[in-house]
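Residue-level listing of the chains:
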Number of protein chains: 2
Amino acid sequence: MAQHNAFYAQSGGVTAVINASACGVIEACRQHSDRIGKVYAGHNGIIGALTEDLIDTSQESEEAIAALRHTPGGAFGSCRYKLKDIDTHRAQYERLIEVFKTHDIRYFFYNGGGDSADTCLKVSQLSETMGYPITAIHVPKTVDNDLPITDNSPGFGSVAKYIATSTLEASLDIASMCATSTKVFVLEVMGRHAGWIAAAGALAGEGEGEPPHLVIFPEIPFDRAKAMARIDECVKQYGYCVIVVSEGARYADGSFLADSGTVDAFGHRQLGGVAPALANMVREDLGHKYHWAVADYLQRAARHLASRTDVEQAYAVGQQAVEMALAGQNARMPAIIRVNDNPYEWRIESAPLAEVANQEKFMPREYIREDGFGITDACRRYLSPLIQGEDFPPFENGLPKVAKLKLARVERKLPDFQV
Amino acid sequence: MAQHNAFYAQSGGVTAVINASACGVIEACRQHSDRIGKVYAGHNGIIGALTEDLIDTSQESEEAIAALRHTPGGAFGSCRYKLKDIDTHRAQYERLIEVFKTHDIRYFFYNGGGDSADTCLKVSQLSETMGYPITAIHVPKTVDNDLPITDNSPGFGSVAKYIATSTLEASLDIASMCATSTKVFVLEVMGRHAGWIAAAGALAGEGEGEPPHLVIFPEIPFDRAKAMARIDECVKQYGYCVIVVSEGARYADGSFLADSGTVDAFGHRQLGGVAPALANMVREDLGHKYHWAVADYLQRAARHLASRTDVEQAYAVGQQAVEMALAGQNARMPAIIRVNDNPYEWRIESAPLAEVANQEKFMPREYIREDGFGITDACRRYLSPLIQGEDFPPFENGLPKVAKLKLARVERKLPDFQV
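This write-up is about the structure you can find in this document. Computed from a predicted structure; not experimentally measured.

## Considering the pattern of salt bridges
A side chain of one charge can pair with a side chain of the opposite charge when the charged atoms of the two come close.
In step 1: This model, assessed by the stated rule, comprises 42 salt bridges over all chains.
In step 2: Taking the shortest distance from any N to any O, the salt bridge between Arg300 of chain B and Asp173 of chain A comes out at 2.7 Å. Of this pair, Arg300 of chain B sits in helix H11 (residues 297-301) while Asp173 of chain A sits in helix H7 (residues 156-177), which puts the two residues in different chains. For the pair formed by Arg300 of chain B and Asp173 of chain A, the shared burial category is buried.
In step 3: Residue Arg224 of chain A pairs with Asp285 of chain A through a salt bridge whose shortest N-O separation is 2.8 Å. Of this pair, Arg224 of chain A sits in helix H9 (residues 224-238) while Asp285 of chain A sits in helix H10 (residues 274-285), and the two are 61 residues apart along the sequence.
In step 4: Three or more residues are tied together by salt bridges with common partners; here these are Asp85, Asp118 and Lys122 of chain A.

## Some details on the interface of chain A and chain B
In step 1: The interface of chain A with chain B comprises 75 residues on the first partner and 74 residues on the second.
In step 2: When chain A packs against chain B, close to 6100 Å² is buried across both sides, 59% of that on carbon and sulfur atoms.
In step 3: Of all residues in chain A, Glu169, Tyr297 and Leu298 of chain A bury the most surface against chain B, accounting for 11% of the area lost on that side.
In step 4: Taken together, chain A and chain B are joined by two salt bridges.
In step 5: There are 26 residue pairs in polar contact (both at pLDDT 80 or more) connecting chain A and chain B.
In step 6: Those elements that provide at least two residues to the side of chain A that touches chain B are H7, strand S6 (184-189), H10, strand S9 (290-294), helix H11 (297-301) and strand S13 (399-400) of chain A.
In step 7: Taken together, the residues of the side of chain A that touches chain B sort by class into 36 nonpolar, 27 polar and 12 charged.

## Some thoughts on the pairing of strand S1 (residues 4-10) of chain B
Residues and elements named next belong to chain B.
In step 1: Summarising burial for S1: seven of the seven residues are buried, a large majority.
In step 2: Bridge count for S1 against strand S2 (residues 36-42) is four bridges, and the pairing is parallel. Each residue of the ladder has a partner; that of Phe7, found in S2, is Tyr40.
In step 3: Following the backbone out of S1, through helix H1 (residues 18-31) and into the adjacent parallel S2, one traces a crossover that is right-handed.
In step 4: Two strands pair when backbone bridges link them, and S1 and strand S4 (residues 105-112) are joined in this way by six bridges, in the parallel orientation. Directly across from Ala9, in S4, lies its bridge partner Tyr110.

## A word on the nonpolar core
Note that soluble globular proteins tend to have their nonpolar side chains buried in a common cluster.
In step 1: Core analysis: the biggest nonpolar cluster contains 164 residues, and Phe109 of chain A together with Phe109 of chain B have the highest contact counts within it.
In step 2: With sequence-adjacent residues up to four places away left out, Phe109 of chain A is seen in contact with Ala6, Phe7, Tyr8, Ala9, Val25, Cys29, Ile137, Val139, Ala321, Val322 and Ala325 of chain A.
In step 3: Among the nonpolar cores identified, the runner-up in size contains 52 residues, and Cys234 and Val235 of chain A together with Leu278 and Val282 of chain B belong to it.

## A word on the packing of H1 of chain B against helix H12 (residues 308-326) of chain B
Helix-helix packing: each pair is described by the crossing angle between the helix axes and the interaxial distance.
All names here are of chain B.
In step 1: Packing of H1 against H12 leaves a shortest axis separation of 7 Å and a crossing angle of 35°. For the pair H1 and H12, the crossing hand works out as right-handed. Residues Ala20, Ser21, Cys23, Gly24, Val25, Glu27, Ala28 and Cys29 of H1 pack against Val311, Ala314, Tyr315, Val317, Gly318, Gln319 and Val322 of H12.
In step 2: Residue classes in the contact of H1 with H12 are distributed as 10 nonpolar, four polar and one charged.

## A short note on the relation of the copies chain A and chain B
In step 1: Between chain A and chain B, which share one sequence, the superposing operator has a rotation angle of 180° and an axial displacement of 0.0 Å; the RMSD is 0.0 Å. In the structure described here, the two chain copies are related by an operation that fits a two-fold rotation axis. For chain A, the minimum C-alpha distance to the rotation axis belongs to Val294 of chain A and amounts to 2.4 Å.
In step 2: In this assembly the copies share their binding face: 99% of the residues contributing to the interface of chain A also contribute to that of chain B.

## A closer look at the state of the cysteines
Residue and element names in this part refer to chain B.
In step 1: Evaluation of the coordinates by the stated rule reveals zero disulfides over all chains.
In step 2: Considering cysteine sulfurs only, Cys29 is the nearest to Cys23, which forms no disulfide, with 12 Å between them.
In step 3: With relative accessibility at 1%, the residue Cys23 sits in the buried group.
In step 4: Cys79 supplies the cysteine sulfur nearest to Cys120, a cysteine that is in no disulfide, at a spacing of 13 Å.

## Things to note about the packing of aromatic side chains
To describe a pair of aromatic rings, one takes the distance between the centres and the angle between the planes.
Residue and element names in this part refer to chain A.
In step 1: Scanning all chains against the criterion turns up 26 aromatic pairs over all chains.
In step 2: Taking 5.3 Å as the distance between ring centres and 10° as the angle between the ring planes, the aromatic pair formed by Phe7 and Phe108 counts as stacked. One end of the pair, Phe7, is in strand S1 (residues 4-10); the other, Phe108, is in strand S4 (residues 105-112), with 101 residues separating them in the sequence. For the residue pair Phe7 and Phe108, the accessibility class agrees, reading buried in each case.
In step 3: Members of the aromatic cluster, joined through ring pairs, are Phe7, Phe100, Phe108, Tyr110 and Tyr132.
In step 4: When the ring centre of Tyr315 is taken as origin, the NZ or CZ atom of Arg69, which lies over that ring, is 4.9 Å away.

## Looking at the pairing of strand S11 (residues 345-352) of chain B
In step 1: For strand S10 (residues 332-340) of chain B and S11 of chain B, the ladder comprises eight bridges, and the chain directions are antiparallel. What sits directly across from Arg338 of chain B, in S11 of chain B, is Trp346 of chain B.

## Description of the packing of helix H9 (residues 224-238) of chain B against helix H10 (residues 274-285) of chain B
Residue and element names in this part refer to chain B.
In step 1: Where H9 meets H10, the axes come as close as 11 Å, and the angle between the chain directions of the two elements is 75°. Viewed along their axes, H9 and H10 adopt a mutual orientation that is roughly perpendicular. Seen from H9, the contacting residues are Arg224, Met228 and Ile231; seen from H10, they are Leu278, Met281, Val282, Glu284 and Asp285.

## Looking at the side chain of Asp391 of chain A
Residues and elements named next belong to chain A.
In step 1: Considering the arrangement of structural elements, one finds Asp391 in the loop between helix H13 (377-383) and strand S12 (395-396).
In step 2: A distance of 2.6 Å separates the side chain of Asp391 from the side chain of Arg303, its partner in a polar contact.
In step 3: Side chain to side chain, Asp391 and Arg308 meet in a polar contact 3.5 Å long.
In step 4: Each residue touching Asp391, except ones within four places of it in the same chain, is listed here: Arg303, Ala306, Arg308 and Val311.

How each quantity is defined
- Residues numbered from 1 in each chain as written.
- Chains lettered and ligands numbered in written order.
- Predicted model: local features only at pLDDT ≥ 70, side-chain atom pairs only at ≥ 80, totals over all residues.
- Heavy atoms only, no water.
- Salt bridge = Lys/Arg side-chain N within 4 Å of Asp/Glu carboxyl O.
- Helix = DSSP H or I, 4+ residues; strand = E, 2+ residues; numbered from the N terminus.
- Buried < 20%, exposed > 50% of the residue type's maximum accessible area, 1.4 Å probe, protein only.
- Contact = heavy atoms within 4.5 Å.
- Buried area = accessible area lost by both parts, 1.4 Å probe.
- Polar contact = N/O pair within 3.5 Å; in protein donor to acceptor, adjacent residues only side chain to side chain.
- Nonpolar A, V, L, I, M, F, W, Y, C, P; charged D, E, K, R; others polar.
- Pairing = 2+ DSSP bridges.
- Right-handed = clockwise from strand over helix to strand, strands pointing away.
- Core = buried A, V, L, I, M, F, W, Y, C linked by side-chain atoms within 4.5 Å.
- Axes fitted to C-alpha atoms, helices over the stretch in contact; angles between N-to-C directions.
- Left-handed = near helix turned anticlockwise from the far one by under 90°.
- Least-squares fit on C-alpha atoms with pLDDT ≥ 70 in both.
- Disulfide = S-S within 2.5 Å.
- Phe/Tyr/Trp six-rings, centres within 6.5 Å; stacked < 30°, edge-to-face > 60°.
- Lys NZ or Arg CZ within 6 Å of the ring centre and 35° of its normal.
- Parallel < 35°, antiparallel > 145°, perpendicular 65-115°, else oblique.

Below you can see the structure in the form of structure tokens.
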């Protein structure tokens, strides 16, 4: 069979395990050296393709590629950049084809979420629309867990494990001190539109009164009076109250809690987090002593506490993407299909990219407890398998060891291109 | 030899390893069952002694006590409560003696920081001032690392490892995305007066340009113009800037950065964190896209990422406290003495409690880089050994397994007492 090169790139917010997918793609390509020549990684996602800024991964040792499996962040650089429509921005697509042709790239692997799937879909159409023979496969990734079809999105299981563990640990801290100190603790987690990560916080406790006592979802309109009443009830009943709140929590009118309505000395609207905003409400309405934390990037970078299930799935979707491409599939995504909850069994199937791009999967109402402040057993059955197993990275000198790549650039052959 | 009971309690902010000290105390007492009868743990620190709210640890299995070694938080409840002076609050001391007499308590182990050492010191003086034969030993603990004499404070090494690791991981995330997204990341860490925890963040990088690019200490007056200039320089030079800032960062006039001067809709002073305050300055002065995180309790509860060195020292000070008490010492604290930096060697020596109580150990100026935004090699030599080694807890169902104690109460024999 003819041998051609592959392009791989990372797109959108990175995760603790996106590099495990990179590892899966590159190792699978290396196993198929009869058909796939080199893997060129785009520096900063699709921008690397547009600007001909390509990293020659064949220069990396086996050990360096294997180390990607336990390295957080995006090793080749990621981007927030979506290809425009081909009708209005034809020059971009012509440039892509020029770069692909120049470097004999016929396989395109794009590792990202819903927005990135749209970019991958557009590239997959280059065969049809512009006659360039490309096989494009999307490798799913997003901590938000909002991709459709796939059982979960690689990256989510690890952030879920991190948030559940952090909630458990911090709750033990607050329980210890509540008699004379902090009574309300608020942990802000990611998820601007979908409450999956907040829901994972609920895995920290199960029985009556076990923290977290409230989970606040973006899917449920926030009712200040109702929330404050519940918080006060918990403090009275259990001595303390632990709250996990999604950054996307909002009022019935759609406005975010995080938009606290305060202005700074210059009249600028204060961009507060939702955790301090909620903590302020506790102070104003209840007067309880509080603390708050905002996990922000710590949660999606926490490879030290990755879920083994998640790492395995992240690797598998990368590896399967290559198999699908070699099987001649185009405009597809390897999706994780759940076969069984407990014990968790899953396999990978090929899903049509057109059904993935630009879609968002929200928490179904039946996963949220009737009072809106917790998860149901069905949700627990869904989430629990995703945090199973540990996959600690190697440590060196007290810190996680990460991949050190050469990131050797492929020689540029084309004129500059402005993105 | 005569057999008497022991009292053990936890005081002040808890840590990831304070229960490892509890484990050390209780296991050592059990090994000396000829001289020590039962260990009664005070529920919520000294308050448990005052209110006769005692937990009979002899009811706990060997397994449960061993599990304390990997359980964060304070298993017996902690408190923020300092004994008043004996001259003005004699009734409190009489009550303590009454409780000790009633339950045949002759050994007093108090596990806390500088303020708690003061309480322990006052109890140690009961022999002299009120004729009750008590042997009081302070078991050091504080994430702030601000206790004098001891090489470090148990609890600090684990928070240092957590912050260094989190800084490393989050930095990889930001480096991936900075071309088209976040350029400045601010991580707020604990340490209201002393910058030890912030300094630990600097362990994440070492070479020129390696993150974190700025560490902001409470010991160095904050100069907004200078800090912003440095941040901007980093963004220009490295593409991004990672900042670790101590919650206690303050201006030359002593006012905190966290007091952002903003007011909410009700005219209340906004209690912002220092991270959002600093992020706001970046927005106002530089206009770079930013993100911020506030680790808060997550950092001091993160037993899942404890330093093995810290766990071993926390256990050892607990165990040695018992040996010291049995050797007839009173008003002492087991202090960690550094014998060698690399390889790290340490031993425990007995230190006079009077020299520990109410003292704070700040970062010496020679540990802070001349420009005020980083640590020196001397600081690195000091800090590095403290984060060495991992001691992952057992996991069950995807989450850390924690000690489940019965917390059986000792029967009350005395009238109520109000604290």
